[in-house]
Amino acid sequence: MSPERHSPEGHVTGPGEAAPEEGRTHWRRSLAVAVPALLAAGGLGTAMASGALAVGLKIQDRPVDFTTSSLYGTQYGAAVVDQAVVRPDGSAGTVRVLRMGFADGVINGLCLSQKQQIGGATYTLMLVLGDDDPGSWEIRTKNTVLDLKNATGVLDMDGIVDLNTNGADVKTVKDSSGAYVDNPLNSPQHRFGIQARYAKFDRITGTAQDFQLPGLLTTPKLKLSVKPGSVACPAPPAPTGTPGTP
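Criteria and cut-off values
- Residues numbered from 1 in each chain as written.
- Predicted model: local features only at pLDDT ≥ 70, side-chain atom pairs only at ≥ 80, totals over all residues.
- Heavy atoms only, no water.
- Core = buried A, V, L, I, M, F, W, Y, C linked by side-chain atoms within 4.5 Å.
- Buried < 20%, exposed > 50% of the residue type's maximum accessible area, 1.4 Å probe, protein only.
- Helix = DSSP H or I, 4+ residues; strand = E, 2+ residues; numbered from the N terminus.
- Contact = heavy atoms within 4.5 Å.
- pLDDT = per-residue confidence, 0-100.
- Polar contact = N/O pair within 3.5 Å; in protein donor to acceptor, adjacent residues only side chain to side chain.
- Salt bridge = Lys/Arg side-chain N within 4 Å of Asp/Glu carboxyl O.
- Phe/Tyr/Trp six-rings, centres within 6.5 Å; stacked < 30°, edge-to-face > 60°.

Caption draft 1: Region of interest: the nonpolar core. Ranked by size, the top nonpolar core spans 33 residues in total, and within it Phe66, Tyr76, Met100, Leu110, Leu112, Met157 and Phe211 carry the most contacts. Those elements giving two or more residues to this core turn out to be strand 2 (53-59), strand 3 (64-86), strand 4 (92-107), strand 5 (110-118), strand 6 (121-129), strand 7 (139-164) and strand 8 (193-219). Considering each element in turn, this core owes the most residues, nine residues, to strand 8. Ignoring any residue separated from it by four or fewer positions in sequence, one finds leucine 110 in contact with Phe66, Thr67, Thr68, Leu127, Val128, Leu129, Ile139, Phe211 and Leu213.

Structure follows, in structure tokens:
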């Protein structure tokens, strides 16, 4: 581990302040609800509009575009990994992604959009979580995992920050005995890796190959819609204020 230092805030491409408890998580745990199931549950959006509801979200079948005003979390880790995919012809393959994980996190609004072909026509499935307040950080989640194909935004890290060139050295999660879990992001040797006690990623616009928000996710609102054509999520607003402690 490197000594404590503050990294300057800067733009990144690719993939502060009471100290909370160390995260004890499983980055790749199975999740409860997938987007097609959410779409089938027609009354879910109405139910969530009237109050917070814990749900799980998992998107893995194809890349998803997303935007968020801000993502803040503790026990942050990132490393380059090879993600398994199924090619259009049905054969298996891999794509190289930047896997980011947070043990505990808060998100300041989130929009997901994914293109679908229905009867030969293009439609966009759009999922919007959270309220319209750029200073509320209203979505809470644990064990968040993003496999990023590309992303732009402003990343600021704090606490103990460690940059290395070996993804397998990323150890941001501790087990019940207090020992670091070996390679929690399942990254190979000799790959880029980064870890920090705290990380804040603002005004993110990107594409995720794999997007997982587990069953402890809570949000005050959820809106599902199917739009004709190819529709992008709106550009994320700049966050205001500071996030609450996850």
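Caption draft 2: How the structure looks around the confidence of the model for the protein. Scored by pLDDT, the protein has a mean of 77; 74% of the residues are at 70 or more. Looking over the protein, one finds the lowest element-wise mean pLDDT in strand 1 (residues 10-13), namely 38, and the highest in strand 3, namely 91.

Caption draft 3: Seen up close, the side chain of threonine 68. Structurally, the position occupied by threonine 68 is in strand 3. Only 2.5 Å separates the side chain of threonine 68 from the backbone oxygen of glycine 109, close enough to count as a polar contact. Aside from chain neighbours lying at most four places away, what touches threonine 68 is Ile107, Asn108, Gly109, Leu110, Arg203, Ile204 and Pro236.

Caption draft 4: Representation of the pattern of salt bridges. Inspection of every chain in the model, using the stated rule, returns seven salt bridges. Two residues, aspartate 147 and arginine 99, come together in a salt bridge whose shortest N-O distance is 2.8 Å. Residue aspartate 147 is found in strand 7, and its partner arginine 99 is found in strand 4; the two are separated by 48 residues along the sequence. You'll find aspartate 147 and arginine 99 in the same group, each marked buried. With its nearest N and O atoms 2.4 Å apart, the salt bridge here joins lysine 142 to aspartate 104. Within this pair, whereas lysine 142 is found in strand 7, its partner aspartate 104 is found in strand 4, the two being separated by 38 residues in sequence. On the basis of relative accessibility, which here comes to 34%, the residue lysine 142 falls in the partly exposed class. The exposure class assigned to aspartate 104 is buried, which follows from its relative accessible area of 14%.

Caption draft 5: Structural context of the packing of aromatic side chains. All chains considered together, the criterion is met by two aromatic pairs. Centre to centre, the rings of phenylalanine 66 and phenylalanine 211 are 5.5 Å apart; their planes meet at 70°, and the pair counts as edge-to-face. Separated by 145 residues along the polypeptide, phenylalanine 66 in strand 3 and phenylalanine 211 in strand 8 bring together distant segments of the chain. Of the two residues, phenylalanine 66 and phenylalanine 211, both sit in the buried class. Look at tyrosine 76 and phenylalanine 102: their rings are 5.1 Å apart centre to centre, the planes differ by 45°, and that puts the pair in the tilted class.

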